[in-house]
Amino acid sequence: MRTASADLLAVRTITADGSDVYLRITSSPADLEIRWYRDGDQRVAGSPVLFPAGDRSRRRIGSNFRAGTTFCLGVVGASGDAWCGVVDWNVYS
């Protein structure tokens with residue numbers, strides 16, 4: 001499993017076939033909807049996952065990725081609010 005808390009919107013690469021991506025929001029002043037999307041093609045994306053403000057639960061935002069997939073995280077809709085969290089990828093659940 002790979003984990004990162006800095007630069008949550010950075011490009012990441014899946015290295016393990018069939019693995020999942022999880023996100024835990026650690027700080028947000030507002031509800032957020034987050035989804036994954038393929039790097040370079042936002043038409044290929046997951047469904048938005050709601051992260052209510054103050055809820056620090058870890059949620060799966062994508063599953064069964066192929067090795068070599070590059071992905072980013074994005075906030076659905078306009079959100080100028082600062083938020084923090086931890087993303088885990090290459091996870092088998």
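Residues numbered from 1 in each chain as written. Predicted model: local features only at pLDDT ≥ 70, side-chain atom pairs only at ≥ 80, totals over all residues. Heavy atoms only, no water.

The name that an unreviewed UniProt entry assigns to the protein chain is Ig-like domain-containing protein, with the source organism given as Lentzea roselyniae.

J.: Could you give me a rundown of the overall build of the protein chain, with the residues and numbers involved?
T.: Summing up its helical and strand segments, the protein chain has 0 helices and 9 strands in all. Shown N-terminal to C-terminal, the secondary structure of the protein chain runs as helices and strands in the order β-β-β-β-β-β-β-β-β. At 12 Å, the protein chain has a C-alpha radius of gyration in line with the 12 Å of a compact globule built from 93 residues. With the C-alpha coordinates aligned to their principal axes, the bounding extent of the protein chain is approximately 35 × 25 × 20 Å. Taking all 93 residues of the protein chain together, the buried fraction comes to 39%. Sequence-distant contacts in the protein chain: of pairs separated by 6 or more residues, those separated by 24 or more amount to 79%. Within the structure as shown, the protein chain displays about 5100 Å² of accessible surface, and the carbon and sulfur contribution to it stands at 45%. Here the protein chain carries 11 positive and 10 negative side-chain charges, and the mean point of each set is 4 Å from the other. (Helix = DSSP H or I, 4+ residues; strand = E, 2+ residues; numbered from the N terminus. Rg over C-alpha atoms; globule rule 2.2 N^0.38 Å. Buried < 20%, exposed > 50% of the residue type's maximum accessible area, 1.4 Å probe, protein only. Contact = heavy atoms within 4.5 Å. Areas by Shrake-Rupley, 256 points an atom, 1.4 Å probe, with all protein chains shown as cover. Lys, Arg positive; Asp, Glu negative; His and termini not counted. Charge placed at Lys NZ, Arg CZ, Asp CG, Glu CD.)

J.: How would you summarise the environment of Arg 12 if you had to cite specific residues and measurements?
T.: Following the sequence through the fold, Arg 12 ends up in strand β2 (residues 12–13). Separated by 31 residues in the primary sequence, Arg 12 and Arg 43 have C-alpha atoms spaced 17 Å apart. Those residues within four positions of Arg 12 in sequence are excluded, and the remaining contacts are Ala 4, Ala 6, Asp 7, Thr 69, Thr 70, Phe 71, Val 87 and Trp 89. In terms of polar contacts, Arg 12 uses its side chain to reach the backbone carbonyl oxygen of Leu 8, at 3.3 Å. (Polar contact = N/O pair within 3.5 Å; in protein donor to acceptor, adjacent residues only side chain to side chain.)

J.: Report on the packing of aromatic side chains, specifying residues and quantitative values.
T.: Following the criterion strictly, the structure yields 2 aromatic pairs and no others. On the basis of an interplanar angle of 75 degrees and a centroid distance of 5.0 Å, the ring pair of Trp 36 and Phe 65 is categorised as edge-to-face. Here the residue Trp 36 occupies a position in strand β4 (residues 32–38), and Phe 65 occupies one in strand β7 (residues 58–65), the gap between them amounting to 29 residues. Taken together through their ring pairs, the aromatic side chains of Trp 36, Phe 65 and Phe 71 make up a single cluster. (Phe/Tyr/Trp six-rings, centres within 6.5 Å; stacked < 30°, edge-to-face > 60°.)

J.: An account of the sheet that holds strand β1 (residues 2–4) is requested, with residue identities and associated values reported.
T.: If you trace the 4 strands from one edge of the open sheet to the other, you get β1-β9-β3-β7, paired in antiparallel fashion. Whereas interior strands pair on both sides, the edge strands pair on one side only; in this sheet they are β1 and β7. This sheet shows a mean twist of 15 degrees between the axes of neighbouring strands, independent of strand direction. The pairing of β1 with strand β9 (residues 84–91) spans 3 bridges and is classified as antiparallel. (Pairing = 2+ DSSP bridges. Axes fitted to C-alpha atoms, helices over the stretch in contact; angles between N-to-C directions.)

J.: Just give me the short version of the environment of Asp 20, but keep the residues and values in it.
T.: Tracing the backbone shows Asp 20 in strand β3 (residues 19–27). The sequence separation of Asp 20 and Met 1 amounts to 19 residues, and the corresponding C-alpha distance is 9.6 Å. A polar contact of 3.2 Å, which involves the side chain of Asp 20, links it to the backbone nitrogen of Asn 64.

J.: An account of the pairing of strand β5 (residues 41–45) is needed here, citing residue identities and associated values.
T.: In this structure, β4 lies alongside β5, joined through 2 bridges in antiparallel fashion. Considered in β5, the bridge of Tyr 37 is made with Ala 45.

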